[in-house]
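Residue-level listing of the chains:
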Amino acid sequence: MPAPSSPARSAYVGLWRGGRRAAEASGVLAALDRRAADRPGGAAAHARSLFAIHDAAELVRLDVPWWTYGAAARVAAHLDALGGRARVFEYGSGASSVWLARRAARVTSVEHHPGFAALVRDLARDAGVADRLALVEVGPERSAAAGGPVVPSGRRGEAGLDYAAYVRAIDAVDGDLDLVVVDGRARGACLEAAARRLAPGGLVLLDDSQRPRYAAAVAASGLVVRRYRGWVPSLPYPRESAVLGLPGRA
């Protein structure tokens, strides 16, 4: 969840962060915290999260990942059923890295942005889960090939960058995985890599699954898809996160 870049988005984030200071001073934030504690995932909890937009530290404090609430609940139930023994791989770090480390035996997260990786390491240390989170930095390479990158990002402003090494980072982790989170760069290629590494009953979480550029990768994965469209912590509009599993085990 790197810092926003567009002027409009930056202004919106600044508005909510300014509002948070006013809400703290007036006692509104404390009231929302109390109501959110009584009903996690409810309207008050979501309203409270709006004051944490693009603030990984605050989302860690609220103990929410940046996925739709329905998808997060499905993943939480899956990890709970494994009794804290889950092995997790994550493409794209953030508040979710700490959330996962609180519920799994081992989380390996690959991050392309060194500054953000350093922030997440600090958050994991402060949350007391640094021993369960291995955060690996793998940035893109500038492609010199005539045909362009082997694994392009697909994001605006990243033309010519190759994320092949980023996608292959999962190969450095031994054994089958109980959960793979795809929430970073080159998500179509990451989903393909994730599908090959699932343990029996394992799941893949694909965030922003509503984007058309991921449709072919989802169809080619051979996985059973359940889509969760709805609200996301800290955002004022709905999105979609999908949870995918092996046929017959989803």
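For the structure given in this document, a descriptive report is provided here. Just so you know, these numbers come straight off a predicted model, no measurement behind them.

## Section: the overall build of the chain
- Within the chain, the secondary structure is distributed over 10 helices and nine strands.
- Its C-alpha atoms give the chain a radius of gyration of 18 Å, near enough to 18 Å, the size a compact globule of 250 residues would have.
- Overall, the chain is about 60 × 40 × 35 Å in size when its C-alpha atoms are taken along their principal axes.
- Relative to its 250 residues, the chain shows a buried fraction of 50%.
- Only carbon and sulfur atoms are counted for the fraction: they give 54% of the accessible area of the chain, which is about 11700 Å².

## Thoughts on the environment of E192
- Mapping E192 onto the fold places it in helix α9 (residues 187–195).
- When the C-alpha atoms of E192 and V218 are compared, they prove to be 8.3 Å apart, with 26 residues separating the residues in sequence.

## What to know about the environment of R229
- With respect to the helices and strands, R229 occurs in strand β8 (residues 224–230).
- Spatially, the C-alpha atoms of R229 and S209 are 9.2 Å apart, while their sequence positions differ by 20 residues.
- Every residue in contact with R229, bar those within four places of it in the chain, is listed here: Q210, P238, R239 and E240.

## Things to note about helix α2 (residues 28–38)
- Of all the residues in α2, the buried ones are L29, L32 and A36. Seen from one end, α2 has its buried residues packed into an arc of 60°, which puts them on one side. Across from the buried face of α2, at angles greater than 90 degrees, the exposed residues are R34, R35, A37 and D38.

## Observations regarding the nonpolar core
- Membership of the largest hydrophobic core comes to 38 residues, with the highest contact counts inside it found for W67, L79, V88, L100 and L179.
- Of all the elements in the fold, those that place two or more residues in this core are α4 (56–62), α5 (69–81), α6 (95–101), α7 (114–127), β3 (133–137), β6 (177–182) and β7 (198–207).
- V167, A169, V182 and A217 belong to the second-largest nonpolar core, a separate cluster that totals 31 residues.

## Observations regarding α7
- Between its terminal C-alpha atoms α7 stretches 20 Å, which fits the 20 Å expected from 14 residues at 1.5 Å a residue.
- Looking only at α7, the buried set comprises F116, A117, V120, L123 and A124. Viewed end-on, α7 has its buried residues packed into an arc of 120°, placing them on one side of the element. In α7, those exposed residues whose orientation departs by more than 90 degrees from the buried face are R125 and D126.
- The secondary structure elements touched by the buried residues of α7 are α4, α6, β2 (106–111) and β3.

How each quantity is defined
- Residues numbered from 1 in each chain as written.
- Predicted model: local features only at pLDDT ≥ 70, side-chain atom pairs only at ≥ 80, totals over all residues.
- Heavy atoms only, no water.
- Helix = DSSP H or I, 4+ residues; strand = E, 2+ residues; numbered from the N terminus.
- Rg over C-alpha atoms; globule rule 2.2 N^0.38 Å.
- Buried < 20%, exposed > 50% of the residue type's maximum accessible area, 1.4 Å probe, protein only.
- Areas by Shrake-Rupley, 256 points an atom, 1.4 Å probe, with all protein chains shown as cover.
- Contact = heavy atoms within 4.5 Å.
- Arc of directions from axis to C-beta.
- Core = buried A, V, L, I, M, F, W, Y, C linked by side-chain atoms within 4.5 Å.
- Expected span 1.5 Å × (residues − 1).

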